[in-house]
Each structure stands twice: as C-alpha cells, then as structure tokens.
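The primary structure of each chain is shown beneath.
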Amino acid sequence: MLHAILALLADGQFHSGEKLGEQLGVSRAAIWKSLQRLEQQGFPLHRVRGKGYRIPPGAVLLDCDLVQAALPAPLQQRWQWHLYQQVDSTNAQAQRLIAESGVRPLVVIAEQQTAGRGRRGRQWSSPFGQNLYMSFVEPVSGGAQGLEGLSLVVGLTLVQTLEACGYQGCQLKWPNDILLNGAKLAGVLLEISGDLTADAVVVIGVGVNVLMEQDGTIDQGWTSLRRSGQKALLDRNQLIAAFAQRLAQALALFARDGFAAFQAQWQACDAWLGAEVQVISGANILAGSNLGVDTTGALRLLTAEGERQVSGGEVSLRLSHAS
C-alpha cells in the first residue's frame, strides 16, 4: 500500500489522510500508520494539521519495472534487475548472487543498507527510501590491469548524469568521490573478483544522497540532491535509468579505449585541480600540487622532489589547509 500512497503524493501537493483513504479504499488510520513508519525512518514527509501530507515531487519508492521502462529498448534486457527492501550492502548481495547463479550482467538496488560501506572500510549512511544504493555487475576480460581508471570513469558518468538531470556544480574528487557545492554527494566503490589475470568480474557500487536531509553519524561535509536546493529531478527510478544508460555507453568506450578516452573530461570536473593537497596512505603523507590525472587515472602530484604518479587503492586525498 505504501507504493500506492506515495504515488498519489508524488505531485508534491498536500493530500488529506481522508482523501487518500477514499482513493485507496482504506481507512484514514491505515494511511496514518503506513506513513508514520516511513516518517520514523527519516523519509522527508511533511505533515500539517488540516492540510494533510506532502512529499518532495517524485519521491517515490524504487520499482524495477519503472526503471526498465525508462531505458531505451536495447538496454531493457541488458541487466538482470534485483530489488531489495533491505540488504547489508548492495555490493555484498551482488557477490552472493554471483556465487549462486554465476557471472552475468546484473544490478542490485535497495531501499536500505544495514552495513553500507565506502572506500577504506568506511560506513556509508543508508536510511530507508531516501538515497540510491546500487551495484552493477559486469564480466570483464583481460584481468584487473584492464580496469585501471574504471572507478574514475564511473564517477565521471555519474556527474554527467546528474548534470543532464538538472544538477549544476557537480565535481569530482580523486579517486572516487562526487562533490556538490564542495560537499560530498556520492561515492563509488569497485570490487573485483575471479581471475585477476584473465576473466574476472567487477562489482560497481554507487551511492548517491538524494532525499536525505539530516544525519548525525556522518563525520565529513555532505549534501544531497534535495539538500542542495536545486529544483531538479528527484525520482530515484528515473535517476537510476539515466545513469544506467550512460554507464552502458561509458563501459563500451572504456573497454575499447581505456581511461585515456575520458582523461580530459575527468580533469575538467576535478574540484581540486591545481590545489595543494596531501595523499594519505596509512601513516604516510605525500604533499604536493594536484596536476590532474594521467591516461591510466593515476593522480599526478608535483612534490618538492618532482612529479609523482599515485594510483588509487587504499589512499585518501585531502586539501593541505584542511583540518
């Protein structure tokens, strides 16, 4: 019933509980109970006595059928789609599906993650029904070496998708963060399994803050599409479809030409290009000026000893003046 209620509220206008109940053939109390559970989980539900309930336009629950219907016909069967109300993490669930059914292109999306994670083992805040938590499984040949720069390509594809959906000012922070107005909006986590020298599989995990407005557990500056104040697309089904379409195109180009085909575009979106930065790897800190990225996606860092190339992996990039 929750899907049906939110579909009626998706116009962004106020609807009374009584009117919603009449339209769905249930009591006003049933409407209140369904929405109360959603509200308790942090969903952006606006309730005003005498006016009823309102949600941001397009803030509906996930629906694989709607996602696939929004894709061009040639892509509608490209992936096998899996939707969960709750999982530990979409990447972990994707790995389980690979183990159970073998390697094939598939997508895992979820309304909530109980153990969502980002790079370097960090927790990824994953409240119910508010953000995008998705993992794309792609078979690859040529081993891990052929995947150099892929995480940067995925981040660039996400930035371009968001710009096409009406969000201005999205930028990239090497290697895997997407920023909006200088705050973290989204992240990418790639995991590779199988034969790292031959046929393998890559799980492309992507998390995007869409509707989230409050979270006291995040220890860095963050934002969401709704929090940005930009009046653009918030329908998560349409956002997934838009990203999936661009990702399919990017993967095909990457398989043919590698990261070199994306280098200039990525660098044009680099939030910290030319800035003084620190690359942190465990207890080691390497300081220098950010010169951008090379044709493999490695960071070009101008240090006191000359230019150095830094690959991704378990490293963190910070502005030198940041605390």
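One structure accompanies this document, and this report is about it. (Residues numbered from 1 in each chain as written. Predicted model: local features only at pLDDT ≥ 70, side-chain atom pairs only at ≥ 80, totals over all residues. Heavy atoms only, no water.)

1. Focus on the packing of helix α1 (residues 2-9) against helix α2 (residues 17-24)
What counts is decided by this rule: Only the stretch in contact is used when fitting a helix axis, every axis being a line fitted to C-alpha atoms; angles between N-to-C directions are given from 0 to 180 degrees. The way it works is that DSSP assigns letters per residue, a run of H or I at least four long becomes a helix, a run of E at least two long becomes a strand, and they are numbered from the N terminus. Note that the term roughly parallel is reserved for angles under 35 degrees, roughly antiparallel for angles over 145, roughly perpendicular for angles of 65 to 115, and oblique for everything else. Helix crossings get a hand from a simple test, with the near helix turned counterclockwise from the far one by less than a right angle marking a left-handed crossing and a clockwise turn marking a right-handed one. In what follows, residue pairs with any heavy atoms lying within 4.5 Å of each other are defined as contacts.
Running from amino to carboxyl end, α1 crosses α2 at an angle of 120°, the nearest separation of the two axes being 11 Å. Looking at the two axes, α1 sits oblique to α2. The hand of the α1/α2 crossing is right-handed. Facing α1, whose interface residues are A4, I5, L8 and L9, α2 presents L20, Q23 and L24.

2. Structural notes on the nonpolar core
Note the following rule: We define a nonpolar core as any set of buried Ala, Val, Leu, Ile, Met, Phe, Trp, Tyr and Cys residues linked to one another through side-chain atoms lying within 4.5 Å. With a 1.4 Å probe rolled over the protein chains alone, any residue whose accessible area is under 20% of its type maximum counts as buried; one over 50% counts as exposed, and the rest are partly exposed.
Counting residues in hydrophobic clusters, the biggest one holds 82 residues, and the most contacted among them are W81, F136, W174 and L185. With ten residues, helix α7 (residues 236-257) is the single largest residue contributor to this core. Setting aside chain neighbours within four positions, we find W81 in contact with C64, V67, Q68, L71, V107, I240 and A244. Judged by nonpolar contacts, the second largest core, of eight residues, contains A94, L97, V201 and V203.

3. Focus: the sheet that holds strand β11 (residues 284-293)
Under the convention used in this document: When DSSP locates at least two bridges between a pair of strands, those strands are taken to pair.
Taken together, five strands build an open sheet; the order of strands is β13-β12-β11-β10-β14 and the sheet is antiparallel. The two strands at the open ends of the sheet, each matched to only one other strand, are β13 (306-310) and β14 (316-319). Between one strand axis and the next, the sheet turns through 45° on average, direction left out of account. The pairing of strand β10 (residues 276-281) with β11 spans six bridges and is antiparallel. Within β11, the position partnered with V277 by the bridge is G288.

4. Quick look at the environment of Q112
Here is the rule we go by: For this analysis, a polar contact is any N or O atom pair within 3.5 Å, provided that within protein one partner can donate a hydrogen and the other can accept it, and provided that sequence-adjacent residues contribute only side-chain to side-chain pairs.
Structurally, Q112 can be placed in the loop between β4 (106-110) and β5 (132-140). The spatial distance from the C-alpha of Q112 to the C-alpha of P127 is 5.6 Å, given a sequence separation of 15 residues. Not counting residues within four places of it along the chain, the set of residues in contact with Q112 comprises Q85, Q86, V87, S126, P127, F128 and Y133. Side-chain polar atoms of Q112 contact the side chain of Q86, separated by 3.1 Å.

5. So, helix α3 (residues 28-40)
In plain terms, the rule: To estimate how far a helix should extend, the number of its residues minus one is multiplied by 1.5 Å. Working definition: the arc comes from the directions between the helix axis and the C-beta atoms, pointing outward to the latter.
With 13 residues, α3 extends 18 Å from end C-alpha to end C-alpha; this agrees with the ideal 18 Å at 1.5 Å per step. All buried positions along α3 are accounted for by I31, S34, L35 and L38. Buried residues of α3 fall within an arc of 90° about the axis and therefore sit on the same side. Exposed and oriented more than 90 degrees from the buried face of α3 are R37 and Q40.

6. What to know about the pairing of strand β7 (residues 177-180)
The alternating pattern of β7 places D177 and L179 and I178 and L180 on opposite faces, both of which are buried. Across four bridges, strand β6 (residues 170-173) lies against β7 in antiparallel orientation. Each residue of the ladder has a partner; that of K173, found in β7, is D177. Where β6 folds back onto β7 in an antiparallel hairpin, the turn is made up of three residues. In this structure, β7 lies alongside strand β8 (residues 183-194), joined through four bridges in antiparallel fashion. Along β8, the bridge assignment pairs L179 with K184. The antiparallel pairing of β7 with β8 creates a hairpin that spans two residues between the two strands, and N181 there sits at a positive phi of about 55°.

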